[in-house]
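Spelled out from the first residue to the last, the chains are:
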2 protein chains.
Amino acid sequence: MRSTTHERDYSGRGCARNALDLARRRPDRLRVEHRCRVDRPAAVVAGGSFCTSPSRCTGSKSVANCHFRNCRRACLPDLACLLGAAHNCRAANGRHRQGRRGHHGGSRGHADCGVLRHKFRSVTHPPGSPPTSSPITGEAAIIDILAPLTARFPGAFALKDDCAALVPTPGYDLVLKTDAVAEGVHFFADDAASDIGWKALAVNVSDLVAKGARPRVYLMALAFPAPPSLHWLRDFARGLEQAQTCFGITLAGGDTDRRHGPLSITIAAIGEVPAGRMVRRAAAEAGDLLYVSGTLGDAALGLKLRSDGSQAAQWELAPDDALALVRRYLRPEPRLALAPVLRDHARAAMDLSDGLVKDLGRMMQASGTAAVVHAAKVPLSKPAAAAQARTPALLIDVLTGGDDYEVLAAVAPDRAKSFEQAAAAAGIAVARIGETTPRRPEAGRVVVQDHDGRQLDLVRSGWDHF
Amino acid sequence: MRSTTHERDYSGRGCARNALDLARRRPDRLRVEHRCRVDRPAAVVAGGSFCTSPSRCTGSKSVANCHFRNCRRACLPDLACLLGAAHNCRAANGRHRQGRRGHHGGSRGHADCGVLRHKFRSVTHPPGSPPTSSPITGEAAIIDILAPLTARFPGAFALKDDCAALVPTPGYDLVLKTDAVAEGVHFFADDAASDIGWKALAVNVSDLVAKGARPRVYLMALAFPAPPSLHWLRDFARGLEQAQTCFGITLAGGDTDRRHGPLSITIAAIGEVPAGRMVRRAAAEAGDLLYVSGTLGDAALGLKLRSDGSQAAQWELAPDDALALVRRYLRPEPRLALAPVLRDHARAAMDLSDGLVKDLGRMMQASGTAAVVHAAKVPLSKPAAAAQARTPALLIDVLTGGDDYEVLAAVAPDRAKSFEQAAAAAGIAVARIGETTPRRPEAGRVVVQDHDGRQLDLVRSGWDHF
């Protein structure tokens with residue numbers, strides 16, 4: 001190893017961002033091992049969900065509006081998380097809400113984000129000498145790196161058994177989901193390994209949450225075209241650990257194969273819901289009001305930017321805004337706090353992964369209803385709104401691009417107010433975007449109207465692999 | 001479609017096998033839609049698990065020694081299954097045991113198999129016109145074909161929801177497993193789709209069974225490099241349905257992606273075990289006796305034959321014997337009836353998938369023990385024994401080749417007799433192959449001795465992807 005190690009202090013966002021940029025562009029040159037300190041207990045915004053105040057965090061589940069069950073760990077995301085939160089914050093608009101104990105905020109608000117101050121250790125390496133780049137030898141070495149992810153779940157037997165044992169909670173049903181992410185389809189080969197790990201877990205947890213469930217454990221099947229490096233695998237595990245902490249879920253077991261083709265991660269996630277209370281997709285009724293959480297289209301635009309950064313200039317986006325959109329693509333944030341709200345107030349719900357129009361069509365098809373969506377009511381983040389203002393054609397990406405991982409809910413009109421209030425109390429922004437109608441001319445039909453009530457002619461409804 | 005359809009009667013095994021051979025070699029020319037009738041209630045053998053007496057089958061769970069909970073369905077496997085059973089039968093040796101109601105047998109026995117008589121409808125097609133070969137369009141079409149696999153599990157919501165809901169059985173723990181199979185690694189691209197489906201499920205169920213669990217439901221993530229044809233997907237679903245019926249497990253949900261690379265099927269299987277009773281890998285103690293179920297090495301030799309059929313002549317194998325070995329590779333048969341026996345009598349257990357020496361090493365490593373295996377005591381099927389007699393070097397494949405999907409168990413000496421009796425009562429052959437020792441010189445060490453007690457020098461221990 002020809003690496004050299006330095007300790008550096010980065011104070012203030014600018015320095016931190018420069019370091020982050022270097023780490024992103026040249027992960028072989030700079031790896032960030034963070035210790036962060038936030039001077040002010042500022043909020044996280046735009047549906048964002050990072051707690052930025054580790055020093056005041058109790059880790060208690062009873063903290064008002066805390067989105068995470070293990071807050072202490074969630075307070076120490078990597079530098080990228082913190083910057084992402086800050087960017088979201090600057091990009092948002094609206095009111096700012098503080099948690100009861102003053103250190104959590106969750107609404108879409110133009111908040112005072114405080115000044116993030118970072119003190120971390122950066123490890124620099126000369127070109128051509130990526131850190132710990134030796135490939136893994138043997139499945140046992142992979143298990144050794146992943147086993148700490150099971151630390152909170154004794155039933156995983158530290159990945160030293162063939163199966164895991166899960167003791168169900170009496171009075172609860174299990175909610176089951178499997179979803180895979182693959183290089184070239186769901187992520188880019190040069191995405192940070194920690195982002196890939198985060199995303200693989202987040203897309204599954206997003207489904208559980210939309211069904212009103214609390215995540216518990218997951219199984220993970222990895223397929224590598226070649227043995228990964230120790231460095232890559234550790235970073236991947238780090239992203240998973242961050243996601244686990246945020247989502248309150250734990251690795252229970254897995255399988256690792258080597259095969260040609262893309263790197264892929266297939267997760268099967270298990271959550272819990274009070275018996276018989278899983279929120280169904282097929283339960284919407286004509287006349288229900290349709291809501292979505294957070295903002296839509298950010299990830300779809302982020303994907304475009306991730307593919308071709310020059311589009312930021314075409315859309316006249318500030319660098320921070322562009323980064324915020326890319327971040328939404330890289331690190332979906334399931335709306336954990338919305339799960340009990342959906343159970344209590346929604347008639348039907350599902351997460352949005354393949355695009356609003358396509359997924360809403362699926363809900364309507366399953367429910368035997370149709371829907372009208374008012375395009376002007378679809379909630380946009382400030383960067384997405386800015387981009388669409390410059391390039392109106394981006395509306396199609398917002399409505400059909402997918403990767404939102406927000407919640408779509410159908411709510412009976414007489415429950416609308418209580419749903420909105422409960423969502424607000426949970427710190428999750430929800431927006432009413434339309435309503436369900438009787439099946440005219442057929443079930444599953446989704447009509448999108450502009451602000452004059454004219455029907456928009458969409459060239460596609462969403463993502464379909466086939 | 002330029003296809004033509006004929007009804008034909010095939011009576012006697014020879015005719016049926018000819019038809020099977022055609023169906024195997026040219027699935028585009030002949031598709032077998034079977035109706036089978038078995039004249040005599042003959043046994044199934046060599047650890048085999050096909051009931052060959054549909055007319056006398058009750059479908060009751062209480063049938064003595066019935067390995068399957070839904071026997072009526074298991075009685076109608078495809079023609080290949082029946083032939084496979086017959087081949088196993090002819091290949092086996094030892095005693096023959098009938099079930100209490102006279103129509104099930106499960107031991108390794110040289111049984112009178114009766115004469116299988118098949119009446120089935122064959123659909124022939126002119127060359128270049130494969131039946132229903134049009135590719136799938138849209139994920140919804142895939143779901144339509146797979147949804148019937150959920151028919152026995154209302155919590156799957158017929159694949160019309162985003163998640164499944166599982167009501168746990170009070171007093172039981174859940175046992176969780178994920179395992180993937182991929183083209184080019186675990187199966188051949190031109191394997192029958194029904195065999196691929198069977199195998200994908202069997203390799204997961206095998207793990208559950210070795211932990212003493214009863215299978216319940218599974219999730220399945222499919223990755224296709226190109227849209228499959230309707231014909232392929234229906235055949236795949238047929239293999240899954242046969243496996244489901246045999247194993248008493250049901251599809252609960254899934255995910256389908258399209259990506260470059262090999263076709264792969266990732267299953268997460270969930271079983272149940274009385275609370276706290278999962279049979280562990282890490283619980284063996286020095287002095288335990290080591291047992292395996294069935295026969296080892298068949299699948300490893302079958303893989304060699306599947307790769308290069310000319311080896312059958314080198315090993316001087318009869319065609320039926322060669323086919324029996326290939327069949328063991330194509331359709332692993334988890335030892336469902338052994339699950340309660342393991343719970344009641346074994347100290348530690350796991351399934352054998354990566355080769356006896358490697359997997360035993362894992363058990364010893366986890367248990368902090370070492371092991372001695374007596375090569376001469378490793379149980380071989382008649383075809384495997386014949387092949388090894390001609391080609392002694394095949395011993396290494398038997399010991400390390402993998403794909404056995406048999407059970408390895410460590411049993412305390414004072415439980416050995418009761419273990420053997422209970423296994424016999426369950427109709428599963430078990431063979432004592434060695435014993436555990438204190439960790440000398442280190443935990444995980446496995447010594448294989450020949451019949452003179454000399455240590456064999458193995459060039460490898462088993463399969464490792466990395």
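Quick summary incoming for the structure in this document. (Residues numbered from 1 in each chain as written. Chains lettered and ligands numbered in written order. Predicted model: local features only at pLDDT ≥ 70, side-chain atom pairs only at ≥ 80, totals over all residues. Heavy atoms only, no water.)

So, the overall build of chain A
Phase 1: Across its full length, chain A carries 14 helices and 14 strands.
Phase 2: For chain A, the proportion of its 466 residues judged to be buried stands at 63%.
Phase 3: A total accessible area of about 17000 Å² is found for chain A, and carbon and sulfur atoms account for 50% of it. (Helix = DSSP H or I, 4+ residues; strand = E, 2+ residues; numbered from the N terminus. Buried < 20%, exposed > 50% of the residue type's maximum accessible area, 1.4 Å probe, protein only. Areas by Shrake-Rupley, 256 points an atom, 1.4 Å probe, with all protein chains shown as cover.)

As for the sheet that holds strand 8 (residues 264-274) of chain B
Phase 1: Strand order in the open sheet formed by five strands is 4(A)-5(B)-8(B)-6(B)-7(B), with mixed pairing between adjacent strands. With one partner strand each, in any of the chains shown, strand 4 (164-166) of chain A together with strand 7 (250-258) of chain B form the two edges of the open sheet. Adjacent strand axes in the sheet meet at a mean angle of 20 degrees when their direction is disregarded.
Phase 2: Inspection of the sheet shows strand 6 (residues 214-224) of chain B paired to strand 7 of chain B by eight bridges, in the parallel sense. What sits directly across from valine 217 of chain B, in strand 7 of chain B, is threonine 250 of chain B. (Pairing = 2+ DSSP bridges. Axes fitted to C-alpha atoms, helices over the stretch in contact; angles between N-to-C directions.)

Quick notes on the relation of the copies chain B and chain A
Phase 1: When chain B is fitted to chain A, the residual RMSD is 0.0 Å, and the transformation amounts to a turn of 180 degrees plus an axial shift of 0.0 Å. On this basis, the relationship between the two copies can be described by a two-fold rotation axis. Residue glycine 261 of chain B of chain B places its C-alpha closer to the rotation axis than any other residue of that unit, at 1.9 Å.
Phase 2: Interface residue correspondence from chain B to chain A reaches 98%, placing this contact among same-surface, isologous pairings. (Least-squares fit on C-alpha atoms with pLDDT ≥ 70 in both. Contact = heavy atoms within 4.5 Å.)

Here we look at helix 14 (residues 416-425) of chain A
Residue and element names in this part refer to chain A.
Phase 1: When helix 14 is considered as a whole, its buried residues turn out to be Ala416, Phe419 and Ala423. Each buried residue of helix 14 sits inside an arc of 60 degrees when the element is viewed along its axis, so together they form one side. Opposite the packed face of helix 14, turned more than 90 degrees from it, sit the exposed residues Lys417 and Ala425.
Phase 2: Of the surrounding elements, those touching the buried residues of helix 14 are strand 9 (289-293), helix 10 (339-345), strand 12 (406-411) and strand 13 (430-437). (Arc of directions from axis to C-beta.)

Quick look at the nonpolar core
Phase 1: Core analysis: the biggest nonpolar cluster contains 47 residues, and Leu146, Leu201, Tyr218, Met220, Phe236, Phe247 and Ile265 of chain B have the highest contact counts within it.
Phase 2: At the level of secondary structure, the elements contributing two or more residues to this core comprise helix 4 (139-146), strand 5 (172-182), helix 5 (193-210), strand 6, helix 6 (230-247) and strand 8 of chain B.
Phase 3: Ranked by residue count, the leading element in this core is helix 5 of chain B, at ten residues.
Phase 4: Among residues more than four places away in sequence, those in contact with methionine 220 of chain B are Thr178 of chain A together with Leu146, Phe236, Leu240, Leu251, Gly253, Gly254, Asp255, Ile265, Thr266 and Ile267 of chain B.
Phase 5: With 46 residues, the next largest nonpolar core counts Leu159, Ala200, Phe224 and Ala243 of chain A among its residues. (Core = buried A, V, L, I, M, F, W, Y, C linked by side-chain atoms within 4.5 Å.)

A closer look at the sheet that holds strand 12 (residues 406-411) of chain B
All names here are of chain B.
Phase 1: Strand order across the open sheet formed by six strands is 10-12-9-13-11-14, with mixed pairing between neighbours. Strands at the two margins of the open sheet, each flanked by one partner only, are strand 10 (348-352) and strand 14 (446-449). Ignoring strand direction, the axes of neighbouring strands in this sheet form an average angle of 25 degrees.
Phase 2: As judged from the five bridges shared by strand 10 and strand 12, these two strands associate in the antiparallel manner. Note that in strand 12 the partner of methionine 350 across the bridge is leucine 408.
Phase 3: Across the sheet, helix 5 touches strand 10 and strand 12, and the angle it forms with strand 10 is around 165 degrees.
Phase 4: Here helix 14 (residues 416-425) sits on the sheet and contacts strand 9 (289-293), strand 12 and strand 13 (430-437); the angle it forms with strand 9, its principal contact strand, is near 5 degrees.

Describing the packing of helix 4 of chain B against helix 6 of chain B
Residue and element names in this part refer to chain B.
Phase 1: Closest axis-to-axis distance for the helix 4/helix 6 pair is 9 Å, and the angle between their directions is 35 degrees. Regarding helix 4 and helix 6, the two cross each other, and that crossing is right-handed. Note on element contacts: helix 6 touches helix 4 through Leu230, Leu233, Arg234 and Ala237, opposite Ile142, Ile145 and Leu146.
Phase 2: Taken together, the residues that form the contact of helix 4 with helix 6 break down as six nonpolar, no polar and one charged. (Left-handed = near helix turned anticlockwise from the far one by under 90°. Nonpolar A, V, L, I, M, F, W, Y, C, P; charged D, E, K, R; others polar.)

Concerning the pattern of salt bridges
Phase 1: Tallied over the full model, the rule gives 52 salt bridges over all chains.
Phase 2: Aspartate 190 of chain B is the salt-bridge partner of arginine 306 of chain B, the closest N and O atoms lying 2.6 Å from each other. Placement of the pair is arginine 306 of chain B in helix 7 (residues 298-307) and aspartate 190 of chain B in the loop between strand 5 and helix 5, with a sequence separation of 116 residues.
Phase 3: By relative accessible area, which is 60% here, aspartate 190 of chain B ends up exposed.
Phase 4: Between arginine 454 of chain B and aspartate 450 of chain B there is a salt bridge whose closest N-O contact spans 3.1 Å.
Phase 5: We classify aspartate 450 of chain B as buried; its relative accessible area is 17%.
Phase 6: One connected set of salt bridges, linked through shared partners, spans Asp161 and Asp162 of chain A together with Lys211, Arg280 and Arg281 of chain B. (Salt bridge = Lys/Arg side-chain N within 4 Å of Asp/Glu carboxyl O.)

A word on the packing of helix 5 (residues 193-210) of chain A against helix 6 (residues 230-247) of chain A
Residue and element names in this part refer to chain A.
Phase 1: Helix 6 packs onto helix 5 with a crossing angle of 35 degrees between their chain directions and a minimal axis gap of 6 Å. In the packing of helix 5 onto helix 6, the handedness of the crossing is right-handed. Taking contact as the criterion, the partners of Ala193, Ser194, Ile196, Gly197, Trp198, Leu201, Ala202 and Val205 in helix 5 are, on helix 6, Trp232, Asp235, Phe236, Arg238, Gly239, Leu240, Gln242, Ala243, Gln244, Cys246 and Phe247.
Phase 2: Looking at the contact of helix 5 with helix 6 residue by residue, the class counts come to twelve nonpolar, five polar and two charged.

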